Protein chains: 2
Amino acid sequence: MNEDVLKSIERADQLIKEERFDELMEEYTDDAVLVIAPPLKLAKGKEEIKSAFVKIAKYFNNSLKPAQGKMVMLETGDTILVLSQTFLTSDNQDSVECSMERRATYIYRLCHDGKWRCAIDNSYGSTLLD
Amino acid sequence: MNEDVLKSIERADQLIKEERFDELMEEYTDDAVLVIAPPLKLAKGKEEIKSAFVKIAKYFNNSLKPAQGKMVMLETGDTILVLSQTFLTSDNQDSVECSMERRATYIYRLCHDGKWRCAIDNSYGSTLLD
């Protein structure tokens, strides 16, 4: 497990929970891709990704709390594939807490400033093939 | 879909079927990682990967025929995440043809010579989390 990538993922989860999306963008590469919805609704680049997170927060009644469970990392040079059990907890419109589990696929890249950032954020994992 | 990556995957499937492992190594980056078996039995670099493929071929009674079904690619710059339905067909010890289906996760990188090569080859996909 790459500790820097693990910390970036934990920080991202915390920043999403606190809706601090400007700071969240620091965890993404400039040309990162976020899968918004299956099969292939994508956000590309920080501007689109930030805008997508604002909409995602609203969709989850501004109560989204992401967290990771089991995690596997495969590392080669400046690239890491992360497979992660992801829990998305939020309140529904009746303020009842709901939780869903996904198996996410992330790609992290080591950037020129020495920081690992998310280049591909696919919380849907292989379910994009469904 | 990136056509060069698609062709590389098709070529790799053909070369595995024909057990032409020296040529197969052309489809991998120098520091590529292959998942041999869950949870994390890995081959790193062309020498280990080639040796692993010789053993895999033997394990499948020298009759392995890999093929891809549904496929999704997520591309950012010089990196592509490939999610692919993978079919592994082979003859068992009684020469009866058997087939298994997996959901593979590959990372392809654009190399300095302009060729896309596989940097992470994980035919087990998210089942590494099981």
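Chemist: So what exactly am I meant to see when it comes to the relation of the copies chain A and chain B here?
Modeler: Copy one and copy two of the chain differ by a rotation about an axis and a translation along that axis. For the pair chain A and chain B, the best superposition has an RMSD of 0.0 Å and corresponds to a rotation of 180° with a translation of 0.0 Å parallel to the axis. In symmetry terms, the pair is related by a two-fold rotation axis. Every residue of chain A has its C-alpha some distance from the rotation axis, and the shortest such distance is that of Ser 126 of chain A, at 3.7 Å. The fraction of interface residues of chain A whose copies in chain B are also interface residues reaches 100%, indicating that both copies meet through the same surface.

Chemist: Please explain the interface of chain A and chain B as it appears in this structure.
Modeler: Interface extent is often summarised as the accessible area lost during association of the parts. At the interface, 32 residues of chain A touch 32 residues of chain B. Taken together, the connections running from chain A to chain B amount to 4 salt bridges. Asp 78 of chain B serves as the salt-bridge partner of Arg 109 of chain A, at 2.9 Å between the closest nitrogen and oxygen. If you look at where chain A meets chain B, you find 14 residue pairs in polar contact (both at pLDDT 80 or more). Listing elements by their share of the side of chain A that touches chain B, those giving two or more residues are β1 (28-37), β3 (65-76), β4 (79-91), β5 (97-110) and β6 (116-122) of chain A. With 6 residues, β3 of chain A is the single largest residue contributor to the side of chain A that touches chain B. The residue inventory of the side of chain A that touches chain B, partitioned by class, reads 15 nonpolar, 10 polar and 7 charged.

Chemist: How should I be thinking about the confidence of the model for chain A in this particular structure?
Modeler: Segments scoring low in pLDDT should not have their predicted coordinates read at a detailed level. Looking at chain A, pLDDT values average 97 and 100% of them are 70 or higher. Across the predicted assembly, pTM comes out at 0.96 and ipTM at 0.95.

Chemist: What's the story with the side chain of Ser 84 of chain B in this structure? I'm lost.
Modeler: As for its placement among the helices and strands, Ser 84 of chain B is situated in strand β4 (residues 79-91). By relative accessible area, Ser 84 of chain B is classed as buried at 0%. Not counting residues up to four positions away in its chain, the partners in contact with Ser 84 of chain B are Leu 129 of chain A together with Gln 68, Lys 70, Met 71, Arg 102, Arg 103, Ala 104 and Tyr 106 of chain B.

Chemist: I would appreciate a short explanation of helix α3 (residues 45-59) of chain A in the present structure.
Modeler: Helical geometry: 3.6 residues make up each α-helical turn, so side chains three or four residues apart lie on a common side. Residues and elements named next belong to chain A. For α3, built from 15 residues, the straight-helix expectation of 21 Å at 1.5 Å per residue is met to within 8% by its first-to-last C-alpha distance of 21 Å. Within α3, the full set of buried residues consists of Gly 45, Ile 49, Ala 52, Phe 53 and Ala 57. On an axial view of α3, the arc spanned by its buried residues comes to 140°, and they lie on one face. Facing away from the buried side of α3, by more than 90 degrees, are the exposed residues Glu 47, Lys 55 and Lys 58. For α3, the secondary structure elements touched by its buried residues are α1 (3-17), α2 (21-24), β1, β2 (41-44) and β6.

Chemist: Looking at this structure, I do not really get the side chain of Asp 121 of chain A. What am I missing?
Modeler: Residues and elements named next belong to chain A. Note that Asp 121 resides in strand β6. Buried and unpaired, Asp 121 has no salt bridge, with Arg 102 as the nearest side chain of opposite charge at 7.9 Å. In this structure the side chain of Asp 121 is engaged in a polar contact, spanning 2.6 Å, whose partner is the side chain of Tyr 28. When sequence neighbours within four positions are dropped, the list of residues in contact with Asp 121 reads Tyr 28, Val 33, Leu 34, Val 35, Phe 53, Thr 105 and Tyr 106.

Chemist: Looking at this model, I keep getting lost on the state of the cysteines. Mind explaining?
Modeler: Disulfides are covalent bonds that link the sulfur atoms of two cysteine residues. For the structure on display, the rule yields 0 disulfides over all chains. No disulfide involves Cys 118 of chain B; its nearest neighbouring cysteine sulfur is the one of Cys 111 of chain B, lying 10 Å away.

Chemist: Before we go on, may I ask you to explain helix α3 (residues 45-59) of chain B in this structure?
Modeler: Residue and element names in this part refer to chain B. Buried within α3 are the following residues: Gly 45, Ile 49, Ala 52, Phe 53, Ile 56 and Ala 57. Those residues of α3 that are buried lie in contact with α1 (3-17), α2 (21-24), β1 (28-37), β2 (41-44) and β6 (116-122). The positive-phi residue at the C-terminal boundary of α3 is Asn 61, with phi of around 55°.

Rules of the game
Residues numbered from 1 in each chain as written. Chains lettered and ligands numbered in written order. Predicted model: local features only at pLDDT ≥ 70, side-chain atom pairs only at ≥ 80, totals over all residues. Heavy atoms only, no water. Least-squares fit on C-alpha atoms with pLDDT ≥ 70 in both. Contact = heavy atoms within 4.5 Å. Salt bridge = Lys/Arg side-chain N within 4 Å of Asp/Glu carboxyl O. Polar contact = N/O pair within 3.5 Å; in protein donor to acceptor, adjacent residues only side chain to side chain. Helix = DSSP H or I, 4+ residues; strand = E, 2+ residues; numbered from the N terminus. Nonpolar A, V, L, I, M, F, W, Y, C, P; charged D, E, K, R; others polar. pLDDT = per-residue confidence, 0-100. Buried < 20%, exposed > 50% of the residue type's maximum accessible area, 1.4 Å probe, protein only. Expected span 1.5 Å × (residues − 1). Arc of directions from axis to C-beta. Lys, Arg positive; Asp, Glu negative; His and termini not counted. Disulfide = S-S within 2.5 Å.

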